[in-house]
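Structural features, examined
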Amino acid sequence: MLCPRFSATLCGLTAVGVSITCEGNVARLNCDGGKVITVLSAFYGRTDRTTCSVGHRAYKVRNTHCSTPARTMSTICDGRNTCAIKATNSEFGDPCRKTYKYLYVVYKCEFGLKSRSVTCEGDKGHLYCGVGQVIKVLSAVYGRSDRYTCAVGQPNSKTYNTGCASSDSKVADICNGQDTCAINATNAMFGDPCRGTSKYLDVVYKCIGQSFPSDPKLGTAYHATAKSTT
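Quantities reported herein were computed from a predicted structural model and do not represent experimental measurements. (Residues numbered from 1 in each chain as written. Predicted model: local features only at pLDDT ≥ 70, side-chain atom pairs only at ≥ 80, totals over all residues. Heavy atoms only, no water.)

**Focus on the environment of Val-204**
For clarity, the cut-off: Numbered from the N terminus, helices here are DSSP runs of H or I no shorter than four residues, and strands are runs of E no shorter than two. Throughout this description, buried means an accessible area under 20% of the type-specific maximum (1.4 Å probe, protein chains only), exposed means over 50%, and partly exposed covers the range between. Two residues form a contact once any of their heavy atoms are found within 4.5 Å.
Structurally, Val-204 can be placed in strand β12 (residues 200-209). Judged by its relative accessible area of 22%, Val-204 falls in the partly exposed class. In this structure the C-alpha to C-alpha distance between Val-204 and Val-141, which are 63 residues apart in sequence, comes to 9.1 Å. Beyond its immediate stretch of four places on either side in the chain, Val-204 contacts Lys-114, Ser-115, Arg-116, Val-137, Leu-138 and Ser-139.

**Considerations on the pairing of strand β9 (residues 133-144)**
Applied cut-off: Strands were regarded as paired on the criterion that DSSP finds at least two bridges between them.
As judged from the ten bridges shared by β9 and β12, these two strands associate in the antiparallel manner. In the sheet register, Val-134 faces β12, and the bridge partner there is Ile-208.

**Observations regarding the side chain of Arg-144**
Note the threshold: His is not counted here, nor are the chain ends, while Lys and Arg score as positive and Asp and Glu score as negative. Just to be clear on terms, a salt bridge is a Lys or Arg side-chain nitrogen sitting within 4 Å of an Asp or Glu carboxyl oxygen. Distance and chemistry together define a polar contact, namely a pair of N or O atoms within 3.5 Å, with one atom able to donate a hydrogen and the other to accept it when in protein, and with adjacent residues in sequence counting only for side-chain atoms on both sides.
One can find Arg-144 in strand β9. Despite being buried, Arg-144 has no salt bridge partner; Asp-146 is the closest side chain of opposite charge, sitting 4.4 Å away. Within polar-contact distance, the side chain of Arg-144 engages the backbone oxygen of Thr-149 at 2.8 Å. Leaving out residues up to four positions away in the same chain, Arg-144 has contacts with Thr-149, Cys-150, Lys-158, Thr-159, Asn-161, Thr-162, Gly-163, Cys-164, Ala-165, Thr-197, Ser-198 and Tyr-200.

**Describing the sheet that holds strand β4 (residues 66-69)**
Sheet strands line up and pair through hydrogen bonds in the backbone, either parallel or antiparallel. The cut-off we apply is this: In this analysis, axes come from line fits to C-alpha atoms, helices being fitted only over the stretch in contact, and the angle between any two N-to-C directions falls in the range 0 to 180 degrees.
Read across the open sheet, the four strands follow the order β1-β6-β3-β4; overall the sheet is antiparallel. Two strands lie at the open edges of the sheet, namely β1 (16-22) and β4, each paired on one side alone. Here the average twist between neighbouring strands, direction ignored, is 25 degrees. Here strand β3 (residues 36-46) pairs with strand β6 (residues 102-110) via nine bridges, running antiparallel. Across the sheet, the residue bridging to Ser-41 is Val-106, located in β6.

**Brief notes about the nonpolar core**
Applied cut-off: The definition of a nonpolar core used throughout is a set of buried Ala, Val, Leu, Ile, Met, Phe, Trp, Tyr and Cys residues joined through side-chain atoms within 4.5 Å.
Formed by 19 residues in total, the largest nonpolar core has its most connected members in Leu-29, Ile-37, Val-39, Met-73, Cys-77, Leu-103 and Val-105. For this core, the secondary-structure elements that each account for two or more residues are β2 (26-30), β3, α2 (72-77), β5 (82-86) and β6. Ranked by residues supplied to this core, first place goes to β3 with four residues. Apart from residues no more than four positions distant in its own chain, Leu-29 is found in contact with Ser-19, Ile-37, Val-39, Met-73, Cys-77, Asn-81, Thr-82, Cys-83, Val-105 and Tyr-107. In terms of nonpolar packing, the next biggest core, distinct from the first, is built from 18 residues, Ala-140, Tyr-142, Ala-172 and Cys-181 among them.

**Side note on the state of the cysteines**
The test is simple: A pair of sulfur atoms, both from cysteines and within 2.5 Å, is called a disulfide here.
Overall, the coordinates contain eight disulfides when judged by the stated rule. A disulfide bridge connects Cys-175 with Cys-181, and the sulfur atoms are separated by 2.0 Å. With the S-S dihedral at roughly -60 degrees, the linkage between Cys-175 and Cys-181 falls on the left-handed side. Cys-181 shares its class with Cys-175; the two are buried.

**Observations regarding the sheet that holds β9**
If you walk across this open sheet you meet the four strands as β7-β12-β9-β10, and the pairing is antiparallel. The open sheet is flanked by β7 (115-120) and β10 (164-167), the only strands paired with a single partner. The mean angle between the axes of side-by-side strands here comes to 25 degrees, regardless of whether they run parallel or antiparallel. Pairing geometry for β9 and β10, over four bridges, is antiparallel. When the sheet's bridge partners are listed, Arg-144 is paired in β10 with Cys-164.

**Description of the pattern of salt bridges**
Scanning the entire structure with this criterion turns up six salt bridges. Across the salt bridge formed by Lys-101 and Glu-23, the nearest N and O atoms sit 3.8 Å from each other. One end of the pair, Lys-101, is in the loop between α3 (89-92) and β6; the other, Glu-23, is in the loop between β1 and β2, and 78 residues separate them in sequence. Here Asp-94 makes a salt bridge to Lys-101, at a shortest N to O gap of 3.1 Å. Because the salt bridges share partners, they merge into one network encompassing Glu-23, Asp-94 and Lys-101.

**Overview of the side chain of Thr-88**
Topologically, Thr-88 is positioned in the loop between β5 and α3. One polar contact links Thr-88 to Ser-90, side chain to side chain, over a distance of 2.9 Å. In this view, Thr-88 contacts Gly-24, Tyr-44 and Gly-93; residues no more than four positions away in its chain are not counted.

This is how it looks when you write it as structure tokens:
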């Protein structure tokens, strides 16, 4: 079910976002405060004559029975703090030729049992846990397994290879047991599983109760400082 635009309470939800992106532009979903995205519904097409109609001729916005489910949004965005994808026919198909379309996404931000950090090649990724909790890395993959992630501004030749990924234990070695952790998504850190392809680091982790080892000399607990790659 789609929420009426900007009327989250009518859907019985307390924290919901609605993202509307005109064809050809980039949709950006964001959650703050350590919460992650859960896509509730999404479609690409046109269901009214007013949305994304400015500057377009009447015949371009006349067909209002034109839409297709945008399931890619859940695949790419669920479990992330932020997500970006271009609203184009090449990404979602063309449910109605000669009609100017838009991407309509309803999502909520919530605290999940698992968190996901996706960092584009060349950037620094950050993992966070709240007070009294520490990071436990469940999986970490460097490479590319889809055409959408970290694809904005990249030529097709850089995102075509989707069978390019390698698991790596380095993230767990560096981040496990820390409340925050930063790590560089680079070939220097993880090697290059596919030359000429734009890659990203995809980490799934959870926050668990903190266990403080005791210092027998002091009779108190201590906690190691967060690690960071340089």
